[in-house]
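Take a look at the letters that make up each chain.
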Amino acid sequence: MDTKSGGLTMENVAQLENGPHLKRQRNSTTTRTSMSTDPNVVASIRRMSRIEMPAVSGGRRLSTFSRASISLRQGSLRTDNYQQYSAQLKKQNTYKLRPEADETFNSSQIKKIMEGVLENYLQAETYDATMCSHLCQSLSDIIKTRVKDLNLPRYKIVCLVTIGQNNQQGLKISSRCLWDTETDNYACATYTNPSLFAVATVYGTYFE
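Reference entry: report on the structure contained in this document. Just so you know, these numbers come straight off a predicted model, no measurement behind them. (Residues numbered from 1 in each chain as written. Predicted model: local features only at pLDDT ≥ 70, side-chain atom pairs only at ≥ 80, totals over all residues. Heavy atoms only, no water.)

What about the packing of aromatic side chains?
The full count for this structure, using the stated rule, is five aromatic pairs. Seen from their ring centres, Tyr155 and Tyr206 are 5.4 Å apart, and the 70 degrees between their planes marks the pair as edge-to-face. One end of the pair, Tyr155, is in strand 1 (residues 155-165); the other, Tyr206, is in strand 3 (residues 196-206), with 51 residues separating them in the sequence. Overall, the relative accessible area of 10% leaves Tyr206 in the buried class. Note on Trp179 and Tyr203: the rings are 6.4 Å apart at their centroids and 55 degrees apart in plane angle, and the pair reads as tilted. Of this pair, Trp179 sits in the loop between strand 1 and strand 2 (185-192) while Tyr203 sits in strand 3, and the two are 24 residues apart along the sequence. Of the residues examined, Trp179 reaches a relative accessible area of 26% and is grouped as partly exposed. (Phe/Tyr/Trp six-rings, centres within 6.5 Å; stacked < 30°, edge-to-face > 60°. Helix = DSSP H or I, 4+ residues; strand = E, 2+ residues; numbered from the N terminus. Buried < 20%, exposed > 50% of the residue type's maximum accessible area, 1.4 Å probe, protein only.)

Some points on the pattern of salt bridges
All told, the structure shown has two salt bridges when counted by the stated rule. Arg98 is the partner of Asp180 in a salt bridge, and the nearest nitrogen-oxygen pair spans 3.3 Å. One end of the pair, Asp180, is in the loop between strand 1 and strand 2; the other, Arg98, is in the loop between helix 5 (82-88) and helix 6 (107-122), with 82 residues separating them in the sequence. Relative accessible area serves as the criterion here: at 39%, Arg98 is assigned to the partly exposed category. Linked by salt bridges that have partners in common, Arg98, Asp180 and Glu182 make up one network. (Salt bridge = Lys/Arg side-chain N within 4 Å of Asp/Glu carboxyl O.)

Observations regarding helix 7 (residues 129-148)
Quick reminder: α-helices carry 3.6 residues per turn. Residues three or four places apart thus point the same way. Helix length check: helix 7 (20 residues) gives 29 Å between terminal C-alpha atoms against 28 Å at 1.5 Å per residue, within 8%. Burial in helix 7 covers these residues: Cys132, Leu135, Cys136, Leu139, Ser140, Ile143 and Val147. Looking at the packing, one finds that the buried side of helix 7 touches helix 6, strand 1 and strand 3. Taking the backbone nitrogen of Thr130 as reference, a side-chain oxygen 3.3 Å away marks Asp128 as the first, capping residue of helix 7. (Expected span 1.5 Å × (residues − 1). Contact = heavy atoms within 4.5 Å. Polar contact = N/O pair within 3.5 Å; in protein donor to acceptor, adjacent residues only side chain to side chain.)

Some remarks on the sheet that holds strand 1
In space, the three strands of this open sheet follow the order 1-3-2, with antiparallel pairing throughout. Whereas interior strands pair on both sides, the edge strands pair on one side only; in this sheet they are strand 1 and strand 2. Here the average twist between neighbouring strands, direction ignored, is 10 degrees. As paired elements, strand 1 and strand 3 share 11 bridges and run antiparallel to each other. Paired with Gln165 across the two strands is Leu196, which belongs to strand 3. (Pairing = 2+ DSSP bridges. Axes fitted to C-alpha atoms, helices over the stretch in contact; angles between N-to-C directions.)

Have a look at this one:
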């Protein structure tokens, strides 16, 4: 073109094409193009987008990365609070309906325990209504504890102790229970001295 007519010459066009603002645009375009075509960059961008993508409910499937992070958080929670949760766990039922042969309620063995407790605690006592009412509770707890020390699995232990004044009178104590005669049983022991008498009874019922 002619410079006299006010147009652009070839030199002006070349200067404009090589200007600094056009170089920056070309550089940015080249950078974006190289980033979009580089497979490593594309893979990293996809991973970042999958990490930052929020979980959406309503049937949309979570990404593999987000599901892994959720499972890791849950796993750390179970690890940190393992002792707290394990303390609350209960054992499952074994569905045993009968005790083993060596785990049954042995009446003769329990009777010896009761006779020893009554003799040790009552041989030097005299009858007093107030004192004997508290003594009945104490002896019941002692006998029940010693019977439980035999470690009879699944047996519920009930102990009753009766203490009265000994005036050479006649006395009958009876009980009636509804239970399984093959697994449940009882034991009874008595003790007397010149001032008082005592009757102790222990019931053992098998809990299925």
